[in-house]
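# Secondary and tertiary structure notes
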Amino acid sequence: MKILLLGANGQVGFDLQRTLAPLGELVCATRSGSRSGRACVRADLAEPAALPVLLDSLRPNLIVNAAAYTAVDRAEDEPDLAMRVNAESVEAIARWAHKNNGCLVHYSTDYVFDGGGSRPYVEDEPTAPLGSYGRSKLAGEQAITASGCDHLILRTGWVFAARGQNFLLTMLRLARERDGLRIVADQRGAPTTSRLLASATAIVASRWLAQDAGRRHASSGIYHLSAAGVCSWFDFASEIFASAAQAGLLARVPTLESITTAQYPTKAKRPAWSVLETTRIQRGFGIYLPGWQQGLADVIDELADRTAG
């Protein structure tokens, strides 16, 4: 099996390189055409028209799309670019997959919901994105579904890792620069590591692909994939600093003040409730999703090992 990984330089893409490699011949693609200083396939999702030609040349059996436009606030100023990357290119990929009997695994987001709920969102609840980013990701989901290709759309949120740009690394940087921090406490979700997403994706994809064609097509659809548990950004920051201090990553812990979303205005509105119900994927593919605290511990350990090394 030939697997094409799009977005190999991203947080999730980095970990997918490790977990997808045992499943077949892995071809990595990035926007720049380089990966860790080495040449690889170039695939820029800002250029939808170029993708069918690329796919014709590679002929992958499975496409895993970890590439996306994820700049939530900037998307309000660049809605056309966000739509081109997150919807138009995704449509081109999905149509190619349908035409060529390929399979597609694609990541989506909690931002397709408006955050007005109070219990974990199930996959078929009504969507109502609040901004350009969420609308572009929802349009991508709809394009995949309409294409008729065999697909898994994996919604997630609050992704973090020991590398890249994410809340955890931002908090550690700010903790070294400031004595006190004000953190939003009225947005709630489930922090999820890129490593968990990559590991679960590989297991789910292998079990999905092992099904006969009829069952694989029938089990295509949207699945929620995130760590277990719920916390606010304030709760997450508190745990980050406590764990980092214990691991020797911080000499001191800054003073934290909880604030409301209204006290921290941003160009794009964020969902206040981003918790996803994951029963469908756990039962459907026999996977276990640990609590977000375990993921935090793993990332802190990785950072501490890197520092010690």
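Residues numbered from 1 in each chain as written. Predicted model: local features only at pLDDT ≥ 70, side-chain atom pairs only at ≥ 80, totals over all residues. Heavy atoms only, no water.

### Topic: the packing of helix H5 (residues 167–177) against helix H10 (residues 292–308)
- Their axes nearest at 12 Å, the elements H5 and H10 cross at an angle of 55 degrees. Comparing their axes, H10 and H5 come out oblique. H5 and H10 meet at a crossing whose hand is right-handed. When H5 is examined against H10, the residues Leu168, Leu169 and Leu172 are found in contact with a partner set consisting of Leu296, Val299, Ile300 and Leu303.
- Of the residues that constitute the contact of H5 with H10, the class distribution is seven nonpolar, no polar and no charged. (Axes fitted to C-alpha atoms, helices over the stretch in contact; angles between N-to-C directions. Helix = DSSP H or I, 4+ residues; strand = E, 2+ residues; numbered from the N terminus. Parallel < 35°, antiparallel > 145°, perpendicular 65-115°, else oblique. Left-handed = near helix turned anticlockwise from the far one by under 90°. Contact = heavy atoms within 4.5 Å. Nonpolar A, V, L, I, M, F, W, Y, C, P; charged D, E, K, R; others polar.)

### Points about helix H4 (residues 132–147)
- Compared with an ideal rise of 1.5 Å per residue, which puts 16 residues at 22 Å, H4 spans 22 Å between its outermost C-alpha atoms and is within 8% of the ideal.
- Burial of H4 is extensive: 12 of the 16 residues sit out of reach of the surface.
- Within the span of H4, buried status applies to Ser132, Tyr133, Gly134, Ser136, Lys137, Leu138, Ala139, Gly140, Glu141, Ala143, Ile144 and Ser147.
- Turning to H4, the residues buried within the fold contact helix H3 (79–99), strand S7 (103–109), strand S8 (150–156) and strand S13 (221–224).
- Among the residues trailing H4, Gly148 stands out with phi positive, at a value near 85 degrees. (Expected span 1.5 Å × (residues − 1). Buried < 20%, exposed > 50% of the residue type's maximum accessible area, 1.4 Å probe, protein only.)

### Some details on H3
- The terminal C-alpha atoms of H3 lie 29 Å apart, and with 21 residues this matches the ideal 30 Å at 1.5 Å per residue to within 8%.
- The largest bend along H3 reaches roughly 35 degrees and is located at Val85.
- For H3, every residue scored as buried is listed here: Ala82, Val85, Asn86, Ala87, Ser89, Val90, Ala92, Ile93, Ala94, Trp96 and Ala97.
- As for H3, its buried residues are in contact with strand S1 (2–6), helix H2 (51–58), strand S6 (62–65), S7 and H4.
- Among the residues trailing H3, Asn101 stands out with phi positive, at a value near 60 degrees. (Bend = angle between axes of the 7 residues up to and from the residue.)

### Some remarks on the nonpolar core
- By size, the foremost hydrophobic cluster in this structure holds 55 residues, and its most contacted members are Val64, Leu168, Met171, Phe236, Ile240 and Ile281.
- Looking at this core element by element, the count peaks at eight residues for helix H6 (residues 194–209).
- The residues touching Leu168, leaving out its near neighbours within four places in the chain, are Phe160, Ala161, Ile240, Leu296, Val299, Ile300 and Leu303.
- One finds Leu54, Leu55, Ala67 and Ile153 within the second-largest nonpolar core, a separate group that totals 32 residues. (Core = buried A, V, L, I, M, F, W, Y, C linked by side-chain atoms within 4.5 Å.)

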